[in-house]
Amino acid sequence: SNSPTFKLKGDSFPRLWRFLISAGVYADMMIELMNIFRWENVSLVQDLESEFYTGIAKVFLEAIDDRADKRILYHAGVFKQTESFYERALNDIQNNGARIVFILANGGQIGKLICMAAE
């Protein structure tokens, strides 16, 4: 499980072993999606308060930097959730012409961004 509950209450689950997929696997998956669908340009919005999402974003950005055929049009980090952040992010994504956005964040942040984009 990726739930932070297990990290905070580690003593409550003495026999729980967590096996997480590495950030590299997630980054490879994102690049493979770009290859399958022939996406050359994407945007990235990440949760800066999470080491998990930050690690994935870092590896993904490094992998994109090594490629001439792929690029990030817009990259933003969510630190404190505010309406103005989401509005700016959506405006910047639209202004940069990005149609595909990878979001590395928790469900609430993703839901908020998607709901605002739908309006």
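Structure: see above.
Here goes a summary of the coordinates provided. Being a predicted model, the structure only gives us computed values, none of them experimental.

**What about the packing of helix H2 (residues 23-36) against helix H3 (residues 51-65)?**
In the contact formed by H2 and H3, the axes pass within 8 Å of each other and the chain directions differ by 50°. As far as their axial angle goes, H3 and H2 are oblique. Classified by chirality, the crossing of H3 by H2 is right-handed. Side by side, H2 and H3 meet where Ala23, Gly24, Tyr26, Ala27, Met30, Ile31 and Met34 of the first sit next to Phe52, Gly55, Ile56, Val59, Phe60, Ala63 and Ile64 of the second. Per-class residue counts for the contact of H2 with H3 are 12 nonpolar, 2 polar and no charged.

**A short note on the sheet that holds strand E1 (residues 41-47)**
Strand order in the open sheet formed by 3 strands is E2-E1-E3, with parallel pairing between adjacent strands. Edge positions in the sheet fall to strand E2 (71-78) and strand E3 (101-104), since each has one partner strand and no second. With direction set aside, neighbouring strand axes in the sheet form an average angle of 15°. As defined by bridge partners, E1 adjoins E2 across 7 bridges and the pair is classed as parallel. The partner of Gln46 across the bridge, within E2, is Gly77. Where helix H4 (residues 83-95) meets the sheet, its contacts fall on E1, E2 and E3, and the angle it forms with E2 comes to roughly 180°.

**Considerations on the packing of H4 against helix H5 (residues 107-118)**
Where H4 meets H5, the axes come as close as 10 Å, and the angle between the chain directions of the two elements is 60°. One element, H4, and the other, H5, form an angle in the oblique class. Handedness of the H4/H5 crossing: right-handed. Residues Glu83, Tyr86, Glu87 and Leu90 of H4 pack against Gln109, Lys112, Leu113, Met116 and Ala117 of H5.

Rules used in this analysis
- Residues numbered from 1 in each chain as written.
- Predicted model: local features only at pLDDT ≥ 70, side-chain atom pairs only at ≥ 80, totals over all residues.
- Heavy atoms only, no water.
- Axes fitted to C-alpha atoms, helices over the stretch in contact; angles between N-to-C directions.
- Helix = DSSP H or I, 4+ residues; strand = E, 2+ residues; numbered from the N terminus.
- Parallel < 35°, antiparallel > 145°, perpendicular 65-115°, else oblique.
- Left-handed = near helix turned anticlockwise from the far one by under 90°.
- Contact = heavy atoms within 4.5 Å.
- Nonpolar A, V, L, I, M, F, W, Y, C, P; charged D, E, K, R; others polar.
- Pairing = 2+ DSSP bridges.

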